[in-house]
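Structural overview
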Amino acid sequence: MSVDSPTHLTDGQLGALRDEIDRQLAKLQRSMRVTNEALRPVELDQTAVGRLSRIDLLQNQGLTRNLHQREQISLALLLEALKKMEAGAYGVCTACGSHIPFERLFVFPETPDCAACG
Ligand SMILES: [Zn+2]
């Protein structure tokens, strides 16, 4: 690691984190395809679907919408992390400016905060 490195992370650590972000992005995109499919309006056939299962269906769509929102947030965080990595500003807490330890980043590579702020 060079002395004037903009972050506290070694090239090897950054590479591992980059791979982890790519892996999580791929996984998220697969999951989002399923969620988008589930969010498509469902034809409610009153004769085929009883009142109770209709309520089930609507509740499931509520859960799917919550999941969809969480996925959107994860996606934004992962893309933001990639941008910071390219700018050499990755791994710095956006709240207090301290270095986020590699161990935390490896578990949550998309995190913008250190453990104390997040
Ligand atoms: Zn912090």
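Residues numbered from 1 in each chain as written. Predicted model: local features only at pLDDT ≥ 70, side-chain atom pairs only at ≥ 80, totals over all residues. Heavy atoms only, no water.

Let's shift gears to the overall build of the protein. Broken down by element type, the protein carries three helices and zero strands. Listed N to C, the secondary structure of the protein is α-α-α in terms of helices and strands. Within the protein, the proportion of its 118 residues that are buried is 25%. Contacts in the protein between residues far apart in sequence, at least 24 positions, make up 57% of those at least 6 positions apart. With an accessible surface of roughly 7900 Å², the protein has 56% of that area assigned to carbon and sulfur atoms. (Helix = DSSP H or I, 4+ residues; strand = E, 2+ residues; numbered from the N terminus. Buried < 20%, exposed > 50% of the residue type's maximum accessible area, 1.4 Å probe, protein only. Contact = heavy atoms within 4.5 Å. Areas by Shrake-Rupley, 256 points an atom, 1.4 Å probe, with all protein chains shown as cover.)

The next subject is the confidence of the model for the protein. Predicted coordinates in regions of low pLDDT should not be interpreted in detail. Chain-level pLDDT for the protein is 87 on average; 86% of the residues reach the 70-or-more range. Across residues 1–5 the pLDDT falls below 50, and counting only partners more than four positions away or on other chains, this stretch makes four contacts in the model. (pLDDT = per-residue confidence, 0-100.)

Our focus in this paragraph is the nonpolar core. Note on soluble globular proteins: their nonpolar side chains tend to be buried together. L9, L17, I21, L25, Y90 and L105 are the most contacted members of the largest nonpolar core, which has 17 residues in total. Every element with two or more residues in this core is listed here: α1 (11–39), α2 (51–87) and α3 (102–107). Non-local contacts of L17, meaning those with residues more than four positions away in its chain, are made with L9, M85, Y90, F102, L105, F106 and P109. (Core = buried A, V, L, I, M, F, W, Y, C linked by side-chain atoms within 4.5 Å.)

Moving on, we get to the packing of aromatic side chains. Under the criterion given, the structure shown has one aromatic pair. Arranged with centres 5.7 Å apart and planes meeting at 35°, the rings of F102 and F106 form a pair that is tilted. One end of the pair, F102, and the other, F106, are both in helix α3, four residues apart, so they sit about a helical turn from each other. Classification of F106 by relative accessible area gives partly exposed; the value is 39%. (Phe/Tyr/Trp six-rings, centres within 6.5 Å; stacked < 30°, edge-to-face > 60°.)

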